[in-house]
Amino acid sequence: MSNGGLLAEAHRQPHWLAPTGWLALVAVVAAQVTGFLISRPDRVMGNLQKIMYVHVPSAWVAMLGFFLVFVASMLYLWRRDLKYDRLAASATEVSVLFTGLTLALGSIWGRPTWGIWWTWDPRLTSTAIMLLIYVGYLALRSFTEDEERRARWSAAVGVLGFLNVPIVYFSVKWWRTLHQVQTVDVTGTIGSSYAISLIINSLAFMVLFAWLVGLRTHVAGLERQREAWLEEQALTGSEANV
Amino acid sequence: MNAEARRIGAIVWKDLTAERRTKANFNAVVFLAGLILLLFGFAIGPDGQTMELIAGGVLWLTVLFSGVLSFNRSYEQELENGALEMLLLYPGDRRSIFVGKLLANLLFVLLVEVVMVPLAALLYDLPLWRFIAPLSLVLLLGTIGFVTLGTFYAAMASRLRAREVMLPLLLFPMLVPLLVGAVQATGGILNGDLLGSTAAWIRLLVVFDLIFFVAALFAFEYVIED
């Protein structure tokens, strides 16, 4: 096993990373400026509606992220290259973060709107289940020491978890409709003037997501290098002792 | 094909023989299931009507909570004395190991249900015998999906230090569609609604079972290789 090539290759940040970070910052600031200053408050919900500008994009980005986990997991199982494993793990971490953000923002919006922090709405409930599926993925990783085994196992969990996302969503949806409980349809209340802020926020969140995943993948590569280096040190050290 | 069937049969026979010779696990799981049924009763009762209303949910949660204990054991006995390595060294498709373990676990959980379900009917006053055929179908379909994913995730969880918490943490979120479908179908049948929504929930169970049987079958090779 030679780590020389790997060491030199993964040492430097990818060229696109730093500009993407700056772009993410500018985009997020610009999106908030449009959201707060330019777009008008909702007729019914007032400024409360503006939570949707960050709630909806973070849900979309999380969903996109879990799709990326699925793709990277499949690629790992096919190619057996650990860089796909690092990508899948990083995408999971960032997507779990955005899923948590989605749930928190949804709750904050739901409290004044529905008078409750939590409702068994299909979207909200399946998002929570999705969060738990991927928290399980991260827990499995943290308990598995061998990196090759960790990569294979988490890829399998990542693939099965993603297959379940639509099934969870539709089963919860049918479960709700059978009980005849109607929830407020958020998408129906969005007019064209809100769409602009929503689109700008979505783009900003996507750039932010790309930057975070890129950065996390890079850090995961560095961590891998450090482990390899420590292992080498330990081995040469013990040889010297003998 | 025939050879694969023989391998699967050998694994089922091996696992069930090991189980039959000790019996300790089966008895413990059956008593635990009975205990969980009583505990749910204490938590929800004593109003008979409420208990009847939620009986389907209680029944399925009891299946999940007691059944989850049997999956790790199915691999733990392989890990002792390196039996798993031996099993992997045998010629043939590794998927037959998965199918064999799945069938052994399925028979085990179904046997637990044979004792548990009549007990639940007794405790929660359910019209079990009137709807025995459709209820058995729902129990079978729900248990197949449960055992498929349980056998799959236990192949990983059983080899971790934190196996007791990791298996339910991985397994239970995945089972949400199955739980919803099985509870709704069971409730529908007990209320005498054999068509309409009950049939739709049964279809959901069939789809869930098929998707995850195929997915777990293919993913198992990556999980077991070492």
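In this text, all values refer to a predicted model and were calculated from it rather than measured experimentally.

**Section: the overall build of chain B**
1) Next: Within chain B, the regular secondary structure consists of ten helices and zero strands.
2) Next: In chain B, the succession of α and β elements from N to C terminus is α-α-α-α-α-α-α-α-α-α.
3) Next: Over its C-alpha trace chain B gives a radius of gyration of 18 Å, about what one expects of a compact globule, namely 17 Å for 226 residues.
4) Next: Dimensions along the principal axes, computed over C-alpha positions, put chain B at roughly 55 × 35 × 30 Å.
5) Next: For chain B, the proportion of its 226 residues judged to be buried stands at 44%.
6) Next: In chain B, of all internal contacts separated by at least 6 residues, the share reaching a separation of at least 24 is 81%.

**Brief notes about helix α4 (residues 82-114) of chain A**
1) Next: An ideal rise of 1.5 Å per residue puts 48 Å on 33 residues; α4(A) measures up with 46 Å between its terminal C-alpha atoms.
2) Next: Looking one or two places after α4(A), you find Gly115(A), whose phi comes out positive at around 80°.

**Re the interface of chain B and chain A**
1) Next: Opposite the 23 residues of chain B that make contact, chain A presents 25 residues.
2) Next: Of all the elements in the fold, those that place two or more residues in the side of chain B that touches chain A are α8 (163-174), α9 (176-190) and α10 (197-224) of chain B.
3) Next: Take the side of chain B that touches chain A: its biggest share by element is eight residues, from α10(B).
4) Next: Here the side of chain B that touches chain A is built from residues that sort into 18 nonpolar, three polar and two charged.

**Quick notes on the nonpolar core**
1) Next: Counting 121 residues, the largest nonpolar core has Ala88(A), Leu149(B), Tyr153(B), Leu167(B), Leu175(B) and Leu205(B) as its most contacted members.
2) Next: Not counting the four nearest positions on each side in its chain, Leu205(B) is found in contact with Leu141(B), Gly142(B), Gly145(B), Leu178(B), Gly181(B), Ala182(B) and Ala185(B).

**Notes on the environment of Arg149(A)**
1) Next: Following the sequence through the fold, Arg149(A) ends up in helix α6 (residues 147-178).
2) Next: Note on Arg149(A): 16 C-beta atoms within 10 Å, which makes it partly exposed.
3) Next: Leave out the neighbours within four places in its chain, and Arg149(A) touches Thr144(A) and Asp226(B).

**Structural notes on the confidence of the model for chain B**
1) Next: Chain-level pLDDT for chain B is 90 on average; 100% of the residues reach the 70-or-more range.
2) Next: For this predicted complex, the interface score ipTM comes out at 0.91, alongside a pTM of 0.89.

**Some remarks on helix α7 (residues 132-157) of chain B**
Note that an α-helix has 3.6 residues per turn; residues three or four places apart therefore point the same way.
1) Next: With 26 residues, α7(B) extends 35 Å between its outermost C-alpha atoms, agreeing within 8% with the 38 Å of an ideal straight helix rising 1.5 Å per residue.
2) Next: Counted residue by residue, α7(B) has 20 buried out of 26 residues, so it is predominantly covered.

**Considerations on unusual backbone geometry**
1) Next: Phi is positive for Arg80(A), which is not a glycine, with a value near 60°.
2) Next: With respect to the helices and strands, the residue Arg80(A) is situated in the loop between α3 (52-79) and α4.
3) Next: Positioned with a positive phi, Asp125(B) is a non-glycine residue whose angle comes to about 55°.
4) Next: As for its placement among the helices and strands, Asp125(B) is situated in the loop between α6 (95-124) and α7.

**A few points about the environment of Gly34(B)**
Residues and elements named next belong to chain B.
1) Next: With respect to the helices and strands, Gly34 occurs in helix α2 (residues 24-44).
2) Next: Residues Gly34 and Phe108, spaced 74 residues apart in sequence, show a C-alpha to C-alpha distance of 16 Å.
3) Next: In contact with Gly34, not counting residues within four places along its chain, are Met116 and Leu119.

Criteria and thresholds
- Residues numbered from 1 in each chain as written.
- Chains lettered and ligands numbered in written order.
- Predicted model: local features only at pLDDT ≥ 70, side-chain atom pairs only at ≥ 80, totals over all residues.
- Helix = DSSP H or I, 4+ residues; strand = E, 2+ residues; numbered from the N terminus.
- Rg over C-alpha atoms; globule rule 2.2 N^0.38 Å.
- Buried ≥ 20, exposed ≤ 12 C-beta atoms within 10 Å, placed from the backbone.
- Contact = placed C-beta atoms within 7 Å.
- Expected span 1.5 Å × (residues − 1).
- Nonpolar A, V, L, I, M, F, W, Y, C, P; charged D, E, K, R; others polar.
- Core = buried A, V, L, I, M, F, W, Y, C linked by C-beta atoms within 7 Å.
- pLDDT = per-residue confidence, 0-100.

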